[in-house]
Amino acid sequence: TEDDTRRLIIWRAANSALFTGRRNAATKGYEAFISQYGLEGVTPSWAKKKWENLKQKYKDLKCPRTGVSTEDGEHTAASWKWYSLMDKAIGGRPSVTPPVLIASSSQDAAVCSPPSVVTPERSEERITPKRRRVEAKNDSLIELLEKCRREMKGWRES
């Protein structure tokens, strides 16, 4: 039902730590969701498939393919009822919104774009060792990009 879908989105975002990518972690996570809400007839594989479909639809609407029209009644970010909830749930993730894009335009120059979305720190989130490692890598990448920008500025000025 729509209530179950809403609960799944909110619950999945709040319990992302259960979904580590390890074997059977997702199944156990979705089992916890099903038992918490007493959903009869719902299996972990159904919940996982529902989440994956919601996530894919969100990504498709967030970054629509060029040249695709919506004249045939297809959903847009504005018309899909789950878009805003999904955006709150996963919109700031690096897999959805990459922090920085680097494109080489020629052999002599590189073009660096700033982050497309600035997300505020979430003080209520639990900082896991994995997250600390990811943030440390992000800091290293930012330092590298700044060095790249300084070098490019020096090349242009000389």
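Residues numbered from 1 in each chain as written. Predicted model: local features only at pLDDT ≥ 70, side-chain atom pairs only at ≥ 80, totals over all residues. Heavy atoms only, no water.

J.: Tell me about the overall build of the chain, and name the residues and values.
T.: The number of helices and strands found in the chain is 5 helices and 2 strands. Order of helices (α) and strands (β) in the chain, N terminus to C terminus: α-α-α-α-β-β-α. In the chain, of all internal contacts separated by at least 6 residues, the share reaching a separation of at least 24 is 52%. Carbon together with sulfur atoms contributes 52% to the accessible area of the chain, which is approximately 11800 Å² in total. (Helix = DSSP H or I, 4+ residues; strand = E, 2+ residues; numbered from the N terminus. Contact = heavy atoms within 4.5 Å. Areas by Shrake-Rupley, 256 points an atom, 1.4 Å probe, with all protein chains shown as cover.)

J.: Would you mind going over the packing of helix 3 (residues 44-62) against helix 4 (residues 83-90) in detail, with residue names and values included?
T.: At a closest axis distance of 10 Å, the pairing of helix 3 and helix 4 adopts a crossing angle of 100°. Relative to helix 4, the element helix 3 lies roughly perpendicular. Packed against helix 3, whose contacting residues are W51, L54, K55, Y58, L61 and K62, the element helix 4 presents Y83, M86, D87 and I90 at the interface. Looking at the contact of helix 3 with helix 4 residue by residue, the classes come out as 7 nonpolar, no polar and 3 charged. (Axes fitted to C-alpha atoms, helices over the stretch in contact; angles between N-to-C directions. Parallel < 35°, antiparallel > 145°, perpendicular 65-115°, else oblique. Nonpolar A, V, L, I, M, F, W, Y, C, P; charged D, E, K, R; others polar.)

J.: Would you mind going over helix 1 (residues 2-14) in detail, with residue names and values included?
T.: Here helix 1 is 13 residues long and its end C-alpha atoms lie 18 Å apart, about the 18 Å a rise of 1.5 Å per residue gives. Looking at the packing, one finds that the buried side of helix 1 touches helix 2 (25-37), helix 3 and helix 4. (Expected span 1.5 Å × (residues − 1).)

J.: Any chance you could break down the pattern of salt bridges for me, citing the residues and the numbers?
T.: Under the criterion given, the structure shown has 4 salt bridges. Its salt-bridge partner being E2, residue K81 comes within 2.6 Å of it at the nearest N-O pair. Residue K81 is found in the loop between helix 3 and helix 4, and its partner E2 is found in helix 1; the two are separated by 79 residues along the sequence. Measuring nitrogen to oxygen at the nearest pair gives 3.5 Å for the salt bridge that ties K55 to E52. Taken as a pair, K55 and E52 lie in helix 3 at a separation of 3 residues, close to a single helical turn. (Salt bridge = Lys/Arg side-chain N within 4 Å of Asp/Glu carboxyl O.)

J.: Account for the environment of L54, naming residues and giving values.
T.: Relative to the assigned elements, L54 resides in helix 3. Owing to a relative accessible area of 5%, L54 belongs among the buried residues under this scheme. Along the sequence, L54 and I9 sit 45 residues apart, while their C-alpha atoms lie 8.5 Å from each other. Excluding residues within four positions of it along the chain, L54 makes contact with T5, L8, I9, W80, W82 and M86. (Buried < 20%, exposed > 50% of the residue type's maximum accessible area, 1.4 Å probe, protein only.)

J.: Summarise the side chain of K55; cite the residues concerned and give the values.
T.: K55 sits in the buried class, given a relative accessible area of 18%. Sequence-distant contacts of K55, defined by excluding residues within four places in its chain, comprise M86 and I90.

So yeah, pure geometry; function would need other evidence.
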